[in-house]
Amino acid sequence: MTLAQLRALVAVAEHGGFTAAAEHTGMSQPAVSRAIAALERELGAALFVRHRDGIALTEAGRRALARTRETLRHFDLIRADVAAASGQITGELRLASLPSATGTLVAKLLRAFTDRYPQVRVRLFEGMDDDIREWLQRGAAEVGVVTLPAPGLHTVHLSTHDMVAVLPADHPLTARPAVTLADLAGRPFILTTAGCRPLIMGAALTAQVRLDVAFEASGPAAILEMVAAGLGVSIVPTLGLPADLSTVVTRPLEPKMTRSLALAVPSADDCAPTARAFLDQLAAFTL
């Protein structure tokens with residue numbers, strides 16, 4: 001098997017088809033098809049199932065893909081490690097970020113990092129906490145922004161910020177300077193499905209408060225729109241809140257609730273030189 005075949009396998013799996021894989025690899029579509037066919041012959045198993053709506057990995061394909069990603073990651077590290085030994089940081093940094101952290105925290109770090117290491121190509125993509133943890137574990141990202149705690153990952157603290165209650169503009173609780181979890185009990189609650197969910201539910205459990213979860217939404221923007229529409233109340237982090245909150249009202253929580261974010265890598269001892277340099281950049285940077 002060849003590196004081209006392995007890269008074709010990853011591209012087809014990640015982009016959902018041979019044509020899309022060809023566009024992202026610079027190979028022709030027939031070349032991608034031939035690479036996968038040759039790999040299937042050598043392994044003696046079908047890696048993809050072709051059907052009307054596209055393709056899907058077989059069980060053999062899923063196992064091969066996991067090993068392939070690991071193999072390609074180590075192969076790509078050879079050139080980067082050799083360059084790093086001579087004091088050069090080169091290659092690619094795949095960075096995964098939470099949407100609320102990209103513009104507020106990550107952009108400043110990236111500016112300083114790219115100024116210092118102009119030869120490093122940065123690929124930035126966004127997702128929710130569960131997405132980012134999965135990308136880190138399977139090698140799709142070298143560094144990710146995650147909500148703490150993050151068991152199984154090596155983390156470096158990035159930021160801690162307050163959580164606030166979000167209320168419709170005409171809600172009775174807006175008359176109070178601060179609200180408690182007990183104040184929010186018995187009212188329709190809009191719960192995030194992202195990384196703040198364990199924090200919110202853990203705080204409610206500690207306070208012996210039962211939140212009446214009427215809706216769930218993945219991101220702050222959707223939650224704010226639902227609150228503005230009068231569908232319920234919620235709790236969100238202050239980080240990334242829009243400047244214009246004219247359609248909703250925020251109030252501090254009593255007792256205070258905070259969320260901590262960190263930069264994470266799967267292992268401190270086995271990360272790419274670009275990832276190590278990015279973590280080191282944070283240590284020398286004041287956000």
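Analysis parameters
- Residues numbered from 1 in each chain as written.
- Predicted model: local features only at pLDDT ≥ 70, side-chain atom pairs only at ≥ 80, totals over all residues.
- Heavy atoms only, no water.
- Buried < 20%, exposed > 50% of the residue type's maximum accessible area, 1.4 Å probe, protein only.
- Helix = DSSP H or I, 4+ residues; strand = E, 2+ residues; numbered from the N terminus.
- Arc of directions from axis to C-beta.
- Contact = heavy atoms within 4.5 Å.
- Phe/Tyr/Trp six-rings, centres within 6.5 Å; stacked < 30°, edge-to-face > 60°.
- Axes fitted to C-alpha atoms, helices over the stretch in contact; angles between N-to-C directions.
- Parallel < 35°, antiparallel > 145°, perpendicular 65-115°, else oblique.
- Nonpolar A, V, L, I, M, F, W, Y, C, P; charged D, E, K, R; others polar.
- Pairing = 2+ DSSP bridges.
- UniProt positions renumbered as here; feature names shortened; annotations may be inferred.
- Left-handed = near helix turned anticlockwise from the far one by under 90°.

Chemist: I keep staring at helix α6 (residues 129-137) and nothing clicks. Help me out?
Modeler: Every α-helix carries 3.6 residues per turn, so stepping three or four residues along brings you back to the same face. Looking only at α6, the buried set comprises Asp129, Ile132, Trp135 and Leu136. Angular distribution of buried residues about the axis of α6 spans 130°; they occupy a single face of the element. Among the exposed residues of α6, those pointing more than 90 degrees away from its buried face are Asp130 and Gln137. Elements that come into contact with the buried residues of α6 comprise β3 (91-97), β4 (120-126), β5 (143-147) and β11 (258-265).

Chemist: I tried to follow the packing of aromatic side chains on my own but got confused; where do I start?
Modeler: Aromatic ring pairs are defined here through the distance separating the ring centres and the angle between the ring planes. All told, the structure shown has four aromatic pairs when counted by the stated rule. Seen in terms of ring centroids, Phe18 and Phe48 are 6.3 Å apart; in terms of plane orientation they differ by 65°. Their pairing is edge-to-face. Of the two residues, Phe18 is situated in helix α2 (residues 18-25) and Phe48 in strand β1 (residues 48-51); the sequence distance between them amounts to 30 residues. In this structure Phe18 comes out as buried when scored by relative accessible area, which is 12%. On the accessibility criterion, Phe48 (3% relative accessible area) is buried. An angle of 80° between the planes, with centres 5.2 Å apart, marks the rings of Phe113 and Phe278 as edge-to-face. Linking Phe113 in helix α5 (residues 99-116) with Phe278 in helix α10 (residues 273-283), this pair joins segments that are 165 residues apart in sequence. Take Phe113: its relative accessible area is 0%, and that puts it in the buried class.

Chemist: Help me out: how do you make sense of the packing of α2 against helix α3 (residues 29-43) in this one?
Modeler: A packed helix pair is summarised by two numbers, namely the angle formed by the two axes and the spacing between the axes. At a closest axis distance of 8 Å, the pairing of α2 and α3 adopts a crossing angle of 110°. In this view, α2 runs roughly perpendicular relative to α3, as classed from their interaxial angle. On the side of α2, the interface is formed by Phe18, Thr19, Ala21, Ala22 and Thr25, while α3 contributes Gln29, Val32, Ser33 and Ile36. A per-class count over the contact of α2 with α3 returns five nonpolar, four polar and no charged.

Chemist: Honestly, the side chain of His161 in this entry has me stumped. Any pointers?
Modeler: Mapped onto the secondary structure, His161 falls in strand β6 (residues 154-168). Classification of His161 as buried rests on a relative accessible area of 8%.

Chemist: Help me understand the pairing of β11 in this model?
Modeler: On a regular strand, each side chain points to the face opposite its neighbour's, so the side chains alternate between the two faces of the sheet. Taken across its eight residues, β11 has seven buried, putting it largely inside the fold. Of the strand pairs in this sheet, β5 and β11 are connected by four bridges, and their pairing is antiparallel. Residue pairing in the sheet places Val145 in a bridge with Leu263 of β11. Of the pairings in the sheet, the one linking β6 to β11 comprises eight bridges and is antiparallel in character. Note on β11: the bridge partner recorded for His157 is Ala262.

Chemist: Whenever I open this one, the pairing of strand β9 (residues 233-237) confuses me. Can you help?
Modeler: Most of β9 is tucked away, with five of its five residues classed as buried. Residues Val233, Ile235 and Pro237 line one face of β9 and the alternating positions Ser234 and Val236 line the opposite face, and both faces are buried. Pairing geometry for β6 and β9, over four bridges, is antiparallel. By the bridge assignment for β9, Ala165 is matched with Ile235. Judged from the two bridges that link them, strand β7 (residues 188-192) and β9 form a sheet pairing that is parallel. Bridge pairing in β9 links Ile190 to Ser234.

Chemist: Where do I start with the UniProt feature "domain: HTH lysR-type" (unreviewed entry) in the chain in this structure?
Modeler: Cross-referencing UniProt, the feature "domain: HTH lysR-type" (unreviewed entry) maps to residues 1-58 in the present numbering. The span residues 1-58 is 62% helical and 14% strand by assignment, and the distance between its end C-alpha atoms comes to 19 Å.

Chemist: What is the right way to read the packing of helix α1 (residues 3-15) against α2 from this model?
Modeler: With their axes 8 Å apart at the nearest point, α1 and α2 run at an angle of 120° to one another. Considering the angle they form, α1 stands oblique to α2. α2 is crossed by α1, and the crossing has right-handed handedness. In this structure, α1 uses Ala11, Val12 and His15 to contact α2, whose residues at the interface are Phe18, Ala20, Ala21, His24 and Thr25.

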